[in-house]
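# Descriptive structure summary
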Amino acid sequence: MKIKATTFNRVLLGVVLAIALVIPLLIRTNQYNLVLVTTVLLYGVLATAWNIIGGMAGQLDLAAFAYLGLGAFTSGTLLIRWNVSPWIGMILGGLVATGFAVLVGFPLFRFKVREVWYALTSSALVEVLKVAFVMWEDVGGPVERYLPYYSFSLYHMRFGTYIPYYYIMLAILVIALLVNYRIGRSKLGFYLRALGEDEDAAEILGVDARACKLKALMIYAFIVGATGAVYACMYGFIHPSFFSGARSTEVAILGIVGGMGITYGPLLAAVILVSAREFLRASLGGQMESLYLVIYSVVLILIALFRPQGIAVFFQDAYRKLLSRVTGDEHVLKANTPGI
Amino acid sequence: MSSKPILQVSNLTKRFGNLVAVNNVTLQIHEGEIVGLIGPNGAGKTTFFNTITGLYTPDEGRVIFKGEDITGVPPHKICKLGMSRTFQVTKAFTEMTVEETVRVGAYNRHGEDDVMEKVDEVISFCGLEEIRHQKCGDLGLASLRRVELARAMATEPDLLLLDEAGAGLTAAELAELMEILRQLNKEQSVTLCVVEHVMQMVMGLCERIFVLDAGELIAEGTPEEISNNPRVIEAYLGERAIR
C-alpha cells in the first residue's frame, strides 16, 4: 500500500508531538531530568527564533540573552512589585525586548552595520545590559531578587514541580516553529533570505533591506523576550547574570549547526547538542571538570568539517530516502522543498 | 525612435577620494530604445550604473527617471519605480533555487496570490524550466547570467540596465541572450541599457551607443558613427584598430 507524502509527514509530526507531550509524564518524579528536558526546549525556542534573524536574514546575532534577560526582568519585576501575572508579563516582556530591538536595530541597520560588525555590536549589547542591571539597584542589583513562592498558582506561574514549565515551553516552541514556517513561505521570508545572501542584489530587486531586517529582529526579540518571563518563573529569581554572552553565543551556534534557514534545523541541533552536553556534564563532570566542554567542542568541529550546511541537511537527505521508500515515489528524492 | 526620455542624467559626478570615477556625465535614454554604454576598463561604466541605481549617492548632478528625481533615492524604491539591473560580477543567491530567486524579484509587483504566475512566466520566457529547482550556487556562468536577467525581469522594470551580461559567454550563448533581449524590448517594451565589452553584442543590438573614457562621456551616436569616431578609436579601440 502506498502512502501519500503529506500523510506521512503529518503522521510523523504527530508522533513527534505525542512523544514530546508524554516525556514529562514518564520522568515526572525526577525534577533534575525535568529541568533538563525543559532546558533543551528552551534552547530549541531560542535557536528557532534566532533562525529568523540569523538563519534567514543572515545577521550573526549574538544577543539572545539580552532579549531574554529583558523579558525576565520586566515580567519578574512586575510580579515582585505589583503582583502582575507573568502571563501578562510575558506579553509585556516581549514588548520591552521588541522595543529595545528597535532602539538598537534601527541605527545599526540605518548605518549599515553588517556582518562581523553586527555580531560584535550585538555581543557587546549583552555585556552592557549586564553591567547596567547590576548598577540599576531599583530593579536589578548584584543580589538575586526572588519571585514570590507558591506551591501551585496558575496566576503567578509558580508551581512546585517543573512539569507545567515544560508544557509552557513546548507551547512556545510550537508557536515559534509555526511563526518560522509561515515566514519562510511568505514574502518576508524570501526577502530575508535574499538580503541575507547579498544585500545590494536584494535591494535592486525591490527589497527594503533595512525594514526587513528590523522586522526580523523585532519578531525574534518578541519571542525571546516572552520566553524570558517563563525563564524567570522557572528559576524563581531574576539576576543580571541572565545577560550571558556565552549562552547567547551558544544559541547562535545551535542555529548555525542546525542548518541556516531550515525551520526545524535549530531545534534539531538543540535537541541533539544540548542533551549531549548535559549528559556529558552529568556523566563526566565527576571525573574531570570541564572535560565535557572539550568533547562538546570536538563534536562541533566535526560537524563544521563534515556537515557545514548543518545537521538538518543530513536529516533531510535521510528523511527523503525514507519517504521515497514509504511512498514509492521517486520524486521526493529530488524535490527541493524540505520534507516537513 | 520615440523621443520621450525615460532617463535623464545631468552633470553626474561621482568621486572616490581623489579619483573622479564619473565626471560630469550628461545623457538621455528614450523610451523603447536599446542603448549601449562602452568604454575601456576603468572608464567608470559600473560606477555610472551604481550611481544611477542608488547603490552610490552621486557627489554632483541629477538623475531623473520617468520625470521623477531619483538622485540619492535608495535602490529598492528605484526598483519600485521601474528600474532594475544585473551585475557584472554575478551576485547570485547561492543557497536559493532558481525559482526562489525569481520569486524574490516577482514580489516587487505581485502579492502572494499571483506571484507564482509571474515566476512561471519569467522562467519560461528565459528558458529556465530545466534548472528551476537547482540551487544557484550549483549553476555555471551562462545559467547564472540568465538567472540574474530573469530575476531583474521579474520586477517588471520599464528600464533594465545590464552590466556585462555577455561577458564570458560562448558565441551560441551570446546569440541566445541577444534574442531574449530583443524579445524583451519588442514584446514587453522594456528599455534596455547594456554595458558591454563584447563588441559583437553592442554593435548588433544597440541603436545608440555612449562611450565613456576616464569617467567622461566622449562620444554618442549610432554604431557606425561610433566605430568611425577618431576619439573613440583612440581611447577605446586604440592600438588594435590602428594595427
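Note that the structure is a prediction, hence the values are computed from the model and not measured.

Conventions used here
- Residues numbered from 1 in each chain as written.
- Chains lettered and ligands numbered in written order.
- Predicted model: local features only at pLDDT ≥ 70, side-chain atom pairs only at ≥ 80, totals over all residues.
- Contact = placed C-beta atoms within 7 Å.
- Helix = DSSP H or I, 4+ residues; strand = E, 2+ residues; numbered from the N terminus.
- Nonpolar A, V, L, I, M, F, W, Y, C, P; charged D, E, K, R; others polar.
- Pairing = 2+ DSSP bridges.
- Axes fitted to C-alpha atoms, helices over the stretch in contact; angles between N-to-C directions.
- Domains from an automatic or database assignment.
- pLDDT = per-residue confidence, 0-100.
- Parallel < 35°, antiparallel > 145°, perpendicular 65-115°, else oblique.
- Left-handed = near helix turned anticlockwise from the far one by under 90°.
- Expected span 1.5 Å × (residues − 1).
- Buried ≥ 20, exposed ≤ 12 C-beta atoms within 10 Å, placed from the backbone.

## Digging into the interface of chain A and chain B
- Of the residues lining the interface, 18 residues belong to chain A; the matching set on chain B comes to 26 residues.
- For the side of chain A that touches chain B, the secondary structure elements donating two or more residues are α7 (187-197) and α8 (199-204) of chain A.
- Per-element accounting of the side of chain A that touches chain B gives the leading share, six residues, to α7(A).
- When grouped by side-chain class, the residues that make up the side of chain A that touches chain B number eight nonpolar, three polar and seven charged.

## Concerning the sheet that holds strand β7 (residues 159-163) of chain B
Residue and element names in this part refer to chain B.
- Ordered by their spatial adjacency, six strands build an open sheet running β6-β7-β8-β3-β9-β10, and the pairing between neighbours is mixed. Edge positions in the sheet fall to β6 (83-85) and β10 (216-221), since each of these pairs with one other strand and no more. Each strand of the sheet is rotated relative to its neighbour by a mean of 20°, with strand direction disregarded.
- Across five bridges, β7 lies against strand β8 (residues 191-195) in parallel orientation. If you follow L159 over to β8, its bridge partner there is T191.

## Quick look at the domain arrangement of chain B
Residues and elements named next belong to chain B.
- Along its sequence, chain B is carved into domain 1 (1-82 + 159-169 + 191-243) and domain 2 (89-156).
- Computed over C-alpha atoms only, the centres of domain 1 and domain 2 are separated by 26 Å.
- Counting residues at the interface gives six residues for domain 1, matched by seven residues for domain 2.
- Along the lines of polarity and charge, the residues of the side of domain 1 that touches domain 2 split into four nonpolar, one polar and one charged.

## Examining the sheet that holds strand β4 (residues 60-65) of chain B
Residue and element names in this part refer to chain B.
- Taken in spatial order, the four strands line up as β2-β1-β4-β5 in an open sheet, and their pairing is antiparallel. Each edge of the open sheet is held by one strand with a lone partner, namely β2 (19-30) and β5 (68-69).
- One ladder, built from five bridges, connects strand β1 (residues 5-16) with β4; its direction is antiparallel. Along β4, the bridge assignment pairs S10 with R62.
- Across the face of the sheet, helix α1 (residues 45-52) comes into contact with β1, β2 and β4 while running at roughly 65° to β2.

## Some points on the confidence of the model for chain A
- Summing up the model confidence of chain A, the mean pLDDT is 89 and the portion of residues at 70 or higher is 96%.
- Note on residues 336-340 of chain A: pLDDT is under 50 here. Beyond four places in sequence and across chains, it has twelve contacts.

## Things to note about the packing of helix α11 (residues 265-284) of chain A against helix α12 (residues 291-306) of chain A
All names here are of chain A.
- Running from N to C, α11 and α12 cross one another at 150°; their axes reach a closest spacing of 8 Å. With respect to α12, the axis of α11 lies roughly antiparallel. As α11 packs across α12, the resulting crossing turns out to be right-handed. Residues A276, R277, L280, R281 and L284 of α11 form the contact with α12, whose own contacting residues are L291, Y292, I295, Y296 and V299.
- Taken together, the residues that form the contact of α11 with α12 break down as eight nonpolar, no polar and two charged.

## A short note on helix α1 (residues 5-26) of chain A
- With 22 residues, α1(A) extends 31 Å between its outermost C-alpha atoms, agreeing within 8% with the 32 Å of an ideal straight helix rising 1.5 Å per residue.
- Summarising burial for α1(A): one of the 22 residues are buried, a small minority.

## Here's the deal with the environment of A:G55
Residues and elements named next belong to chain A.
- Here G55 shows up in helix α2 (residues 31-56).
- You can call G55 buried: it has 30 C-beta atoms within 10 Å.
- Spatially, the C-alpha atoms of G55 and G259 are 7.6 Å apart, while their sequence positions differ by 204 residues.
- The residues touching G55, leaving out its near neighbours within four places in the chain, are G255, M260, G261 and P266.

## A word on the packing of helix α3 (residues 64-82) of chain A against helix α10 (residues 245-258) of chain A
Residues and elements named next belong to chain A.
- Viewed as axis vectors pointing N to C, α3 and α10 meet at an angle of 120°, and their least axial separation amounts to 7 Å. With respect to each other, α3 and α10 are oriented oblique. Each of A64, F65 and A66 in α3 lies in contact with α10, whose residues at this interface are R247, S248 and V251.
- A class-by-class count of the residues in the contact of α3 with α10 yields four nonpolar, one polar and one charged.

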